[in-house]
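Reading the structure
Given next are the chains, with one letter for each unit.
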Amino acid sequence: MGAEVSTAEAEEAHVHDDHHHELPFWKKYIFSTDHKIIGYQYGITALIFLFIGFYLMMVMRWSIAHPDKELPAVLAFFLNKSWLSDQGLVTGDLYNMFGAMHGTIMVFLGIVPLAFGAFGNFVTPLQIGAPDMAFPRLNMASYWAYYLGGILMLASFLLPSGAAEAGWTMYSPLATTAQLDEVNLWFTGQTFWLFGMVCLISSSLLGAVNFISTIINLRCRGMTWMRMPFFVWAMLVTGFLLLLAFPPLEVAAVMQLMDRLAGASFFIPTGLNFSGAGSVDAGLLDVAGGGSPLLFQHLFWFLAHPEVYVLILPAIAIVGEIIPNNIRRPVWGYKSMVYAVMVLGFLAFIVWAHHMYLTGMGNVVSTFFQATTVIISIPSVILLTCLFISLWGGSIRFTVPMLWALAFLPMFGFGGLTGLPLAFNLIDLHLHDTYYVIAHFHYIVAPGTIFGLFAGIYYWFPKATGRMMNNKLGHLHFWPSLIAMNGIFLPMFVQGMSGFHRRWYDGGVNYDEITSRILFEEGSFFANLFKDGRAIEMIDLNVFMTFFVWVLCIAQFPFIFNFFHSIFRGRKADGDNPWRATTLEWSAPNCPPHGNFVNEPIAYRGPYEYSVPGYKDDYTPQFERGNDGVILGEEDPPADAAKNAH
Amino acid sequence: MADTPEEIQKHLKLYWKVGIILLACTVLTVVVAKVTPSITVGLLIATFKAGLVAAIFMHLSAEKPMIYKIMVYTVFFFIGLMFLTLLTMYDPAVSRVVN
Amino acid sequence: MQIPFEVKPRPDTGLWNAKLGIWLFLASEVMLFGGLFSGYVFLRLGSSAEPDYFWPQGTLSVPFGFVNTIILILSSVFVVVAWLQVKLGDFRKFQIWMGLVVLCAVVFLINKGFEYNAKFHHYGIKLSDNSIVEGHGIDDTIRYEGISEVTIDVARFNGEFLNAVAGDSPPQFREVVDGKPSGEPFELSVAAVGRIESRINDVARAAHLKSVQAGKTDLDWLPAMGVKQLILVAGEPFSISLSKGSLRKSFPDGAKFRDQSLLKGSISDKTPGLFLHAVDRIDLRACDADTPEESLVWKYLGDEPPHSGADHGHDKHSAPQISGEQQARQAEKIFFDALKEVQEKAEQKGQEPDFSELFNHSVKEWENPEGEVLSSEPPILVPWKDVRLYSNFTPKWNTYYAIYFTLTGLHGLHVFIGAAVLFYFGFCSRKFYEKNPEHFANRVEVGGLFWHFVDLVWIFLFPILYLM
Ligand code: HEM
Ligand SMILES: [Cu+2]
């Protein structure tokens, strides 16, 4: 590093030129164009949404476990009392509303913004040695579009109709005909949802353009493609997924808006007849018909399958950064991971119809999608395997981020592997729309992605704030969360396989044949332990799972406290590189200034050079020239240097 | 891209020529549509026109490889989007339209 | 802080940032319109599987579409020329060409406006036997008489039906309690309903409080325990008269408003059906009747509503002095003569007759083989029970118009935004140009790329919507 100071000084003078005057508060922290501030904005907003989504889920889980018990005051406190039944119970409508919004908020307002918006924004430019994103003002615009979308979604709870209630997938004609009993269709939750989605999609599209441009064009000197940290690769692929998959959903949203507000029938088939239950008057709808509900499903899943990879890739990427750092070895198979993630980015677009096996597509088409779906598990498994094998023979440091990362691996594995049976047409006929599917993707997103995101928060916290998060509280956060997550989701596989439908708002009390199957015989050990000796039935798992939801809820308090406490009171980080990591972001000062780097960042080597023989430390950062560093990509490097570089 | 004034003048001419071809093609489509309302011919002419716009006006004929990569990737999925939704309506095994 | 490669291209990719950015953006735009086009394909092919839906062809004005295509192509040339002028360093000329581009955009949008407007004023009616008639000048007034009972939804009531009440004196209502009218007559309003609601709820809440004190329940008072519906009776039966389109649902024996108010009454003889003043096209391809002659259209063509007359004379095409009935017979003659002609021609050639041409043809004017020009524009009065669907030519009428408006609407939005950006470059960016002409040229190039893309989309829209 030292060798470059002289050239960097000139650069530095330049960098500081425009920054002698302080920006006013609102420009610095609110309408900021600095990628780090925007990252924090994304992060905070998304965390708030995650907690809102969590709350909605708690109400739902209450209704499932205790359909006949009044909603407890802690939960009822936050909701509009007129949504409750006259017994104080959660109604089916309320459950539907919260279910739809739980999914929407978690996916589009929680995880994607946190993973892509927050981590992507904060880390990517730092890791490639860029002063900022390629289009800083566009970056700000995407945050505010996201914010607007979020506000619309939240505002929809205040409307007389309540928020949207047709599932996070908003299938037509269900979604088109929901809330038709309102006086003004513009001001219904369904309509707000669509407008909100249009904002969120625009936000993601702008973000994707920005990320891809940044990664392609703003890499610093020496940062060749194969020297990019895996995180950056994952962001590049994620960017492409968003860029190309989201527009069809935007189209679907616009079409559904036309159906709702202009009386079109894009998604309404001819002769659709209503019984009069729900919000639609009995009889034929006053529309032309001739549309196709399948069209909506195609457009939706054309987005939504790539979207699930948008949910998982950033988490894998974060874990991919943390693992080499904490095993003090290069990650095993960097190149295969890079190619695997590219293949994923491609295949993710051609598997979408595996969500639609039950719609009666043709055999050949089903077979095609079955084949691609099975194939897509190969790159997923490569990623996972590389990370697992990396552990072998490493000297593992069990830091808090590493704990989360380690837990991520098997949890993601669970989720991924249980996806395979779903890929098969025939098995899916049985499992579709059961709790099995819920368990499948929640294993990936909840103990998977969310653990990865927590890992990232603990890992990059010192870079963002200059302070470490508290270790003990970190453990107090991790262990209960790990146990609770499994307590919630593991039983779902069992329930799902025995036929529990995913949309029962009362946990299935009216489906005796399915729900009263015996899990543990009368008088058996568990029966004695939990039910005074009476047999434990399948439906009793509902109470079990809901219990762990409360545990999970309580387990988040140490995190919230830790987060805010550490910002102000945390232990000072030990230098700019407290984890002794190798990637470029650790060469920037903590709380990096506008423009990020003090010295010009240069990548002299690959991203994960840990325990390289011949160095006194067990890590050799990318920005350290050492005696074998070379700047690739500028002129043809000498043959032997190229060999050393990777 | 061309930067000397002479080259720019040359490009100017090219653009006008392409413009005229495009106008001619537009007339052609209308005429063809009057004679035989064939979907294929209409789309072929449109594709030709679109190709001209993309290649000449948008300089795709001489772009950087990175742009080509992005566009090839995109067009691939564009085609997928066009045809797979279509494909799902048919069952080639039974070779009939499934409603 | 300076972002690298804002102006000069990066050596290894050969691109400056905005160029890369716009292409990525265009990639997403390709997918956006791709989604819409695939929707178009899906709907169009799907329509062929529907026995009673024929994809409309040739219903848009080709000259309009043609002119708009020419305009966009020209503007596309202008925009590259303008960009070259920046490169040549001639800002004045650049401004002139840019001005022309923006002018083209404006003319394009105005044209579109005319086209849309024509569609908004053209109506179609689908009869209960799936026959279709189209034309101008609709009257969908419906009148209900003898209304005495009204059910209202307390939460949604907004008093809209009161605006439709015929006559000057607003009706007086009384509440119905246990099936019997009770209380004083009052004038209905949102506030009045609110008063009744809180009165009933106060009583209920007090009762609830008692049962809580008695230990029968520990629930707090919940809104769901309150009153939801009110039944009211009018002192004197009254009538309402309004456009049927503003009702939520209409029944032979009652009408339901958007705010869920349900009025019981019967449809007046004065408004027995839906009236279309001047029919210009009849389509019987989907008609359920065994032969075209038996279609319901011929039964109702030429009828006029009892109160018809003065207020429908607005249509300037309206036929001269002959009566509706005569016009109807004329139209029938045109229709069946043309039909026969098609059949005969087909017989001569030994082919199956293809009627699609015929049914796309209007009954307004026709030249028979003898060279005689017949014209007609008959009115039609379709009884309410035989109206399956009616609408102007908006997305509601069928999926073709739905996709037409969505595609051209989104395209128009792109035209608008593109034109605004180019206008900004042309007329509000002089300072920027003087400071950094190269950067400015880059910006114009980016704007131009977007504009070409908009043109490119239209190149496809024109044939698929107008010609095929
Ligand atoms: C490892 C390869 C994977 C395979 C083979 C797979 C397969 C499937 C299949 C076939 C379904 C449809 C089940 C049904 O509805 O009947 C499904 C649902 C789902 N998968 Fe996966 N999956 C995989 C990975 C993932 C990943 C990485 C995610 C990331 C979050 C994910 C998220 C989801 C979600 C959210 C759903 C349910 C959507 C819904 O119906 O609401 N899957 N998966
Ligand atoms: Cu999927």
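Going by the structure above, here's the rest.
Predicted, not measured: the structure shown is a model, and the values here were computed from it.

For the rest of this paragraph, the subject is the overall build of chain C. Regarding its fold elements, chain C presents 10 helices and 14 strands. Compactness check: chain C gives a C-alpha radius of gyration of 31 Å against a globular reference of 23 Å for 468 residues, more than 25% above the reference. The principal-axis extents of the C-alpha atoms in chain C amount to approximately 90 × 85 × 40 Å. Taking all 468 residues of chain C together, the buried fraction comes to 54%. Contacts in chain C between residues at least 24 apart in sequence constitute 76% of all its contacts with a sequence separation of at least 6. Of the roughly 20600 Å² of accessible surface on chain C, 55% is carried by carbon and sulfur atoms. On chain C, the mean spot of the 44 positive side-chain charges and the mean spot of the 57 negative ones are 9 Å from each other.

The subject of this paragraph is the pattern of salt bridges. Scanning the entire structure with this criterion turns up 32 salt bridges over all chains. In this structure, E182 of chain A engages R156 of chain C in a salt bridge whose closest nitrogen and oxygen atoms are separated by 3.1 Å. On the criterion of chain membership, the pair formed by E182 of chain A in the loop between helix 7 (174-177) and helix 8 (189-217) and R156 of chain C in the loop between strand 3 (141-153) and strand 4 (172-177) is interchain, its members lying in two chains. Residues R281 of chain C and D283 of chain C are paired through a salt bridge, measuring 3.1 Å at the closest nitrogen-oxygen approach. Residue R281 of chain C is classed as buried on the basis of its relative accessible area of 9%. When salt bridges that share partners are traced, they join D181 and E182 of chain A together with D153 and R156 of chain C into one network.

Residues and elements named next belong to chain A. Around the copper ion (ligand 2), the protein contributes the donor atoms H305 (ND1), H354 (NE2) and H355 (NE2), which lie 1.9 to 2.0 Å from the metal centre. Here the iron atom of ligand 1 and the copper ion (ligand 2) are spaced 4.5 Å from one another. One end of the pair, H305, is in helix 10 (residues 293-327); the other, H355, is in the loop between helix 11 (334-347) and helix 12 (363-391), with 50 residues separating them in the sequence. Relative accessible area serves as the criterion here: at 6%, H305 is assigned to the buried category. For H355, a relative accessible area of 22% corresponds to the partly exposed category.

All names here are of chain C. Strand direction decides the pairing type here: strand 4 and strand 5 (residues 180-187), joined by 5 bridges, are antiparallel. Following the sheet pairing, V176 is matched in strand 5 by P181. The antiparallel hairpin formed by strand 4 and strand 5 contains 2 residues in its connecting segment, where D178 sits at a positive phi of about 50°. Bridge count for strand 4 against strand 6 (residues 229-243) is 3 bridges, and the pairing is antiparallel. What sits directly across from R174, in strand 6, is V233.

Once that is clear, we can look at the packing of aromatic side chains. On inspection of all chains with the given rule, the structure shows 108 aromatic pairs over all chains. Their ring planes at 85° and their centres at 5.6 Å tell us that Y40 of chain C and W55 of chain C sit as a pair that is edge-to-face. Highlighted residues: Y40 of chain C in helix 1 (residues 17-48) and W55 of chain C in the loop between helix 1 and helix 2 (62-88), separated in sequence by 15 residues. The exposure class assigned to Y40 of chain C is buried, which follows from its relative accessible area of 5%. An aromatic cluster is built from Y40, Y53, W55, Y116, F120, F393, W397, Y400, Y401, Y404 and F405 of chain C, whose rings are joined through pairwise contacts. For R219 of chain A, the ring lying beneath its charged end belongs to W225 of chain A, and the centroid distance is 4.0 Å. Above the plane of the ring of F432 of chain C lies R443 of chain C, whose end atom (NZ or CZ) is 4.2 Å from the centre.

Once that is clear, we can look at the interface of chain C and chain A. Of the residues lining the interface, 55 residues belong to chain C; the matching set on chain A comes to 63 residues. Taken together, the links from chain C to chain A amount to 4 salt bridges. Connecting chain C to chain A are 15 residue pairs in polar contact (both at pLDDT 80 or more). Sorting the residues of the side of chain C that touches chain A by element identifies helix 1, strand 14 (387-392) and helix 8 (399-427) of chain C as the ones contributing at least two each. Residue contributions to the side of chain C that touches chain A peak at 16 residues, all from helix 1 of chain C. The residue makeup of the side of chain C that touches chain A, split by class, is 28 nonpolar, 13 polar and 14 charged.

Scoring rules and cut-offs
Residues numbered from 1 in each chain as written. Chains lettered and ligands numbered in written order. Predicted model: local features only at pLDDT ≥ 70, side-chain atom pairs only at ≥ 80, totals over all residues. Heavy atoms only, no water. Helix = DSSP H or I, 4+ residues; strand = E, 2+ residues; numbered from the N terminus. Rg over C-alpha atoms; globule rule 2.2 N^0.38 Å. Buried < 20%, exposed > 50% of the residue type's maximum accessible area, 1.4 Å probe, protein only. Contact = heavy atoms within 4.5 Å. Areas by Shrake-Rupley, 256 points an atom, 1.4 Å probe, with all protein chains shown as cover. Lys, Arg positive; Asp, Glu negative; His and termini not counted. Charge placed at Lys NZ, Arg CZ, Asp CG, Glu CD. Salt bridge = Lys/Arg side-chain N within 4 Å of Asp/Glu carboxyl O. Donors = N, O, S within 2.8 Å, 3.2 Å for Na, K, Ca; no water. Pairing = 2+ DSSP bridges. Phe/Tyr/Trp six-rings, centres within 6.5 Å; stacked < 30°, edge-to-face > 60°. Lys NZ or Arg CZ within 6 Å of the ring centre and 35° of its normal. Polar contact = N/O pair within 3.5 Å; in protein donor to acceptor, adjacent residues only side chain to side chain. Nonpolar A, V, L, I, M, F, W, Y, C, P; charged D, E, K, R; others polar.

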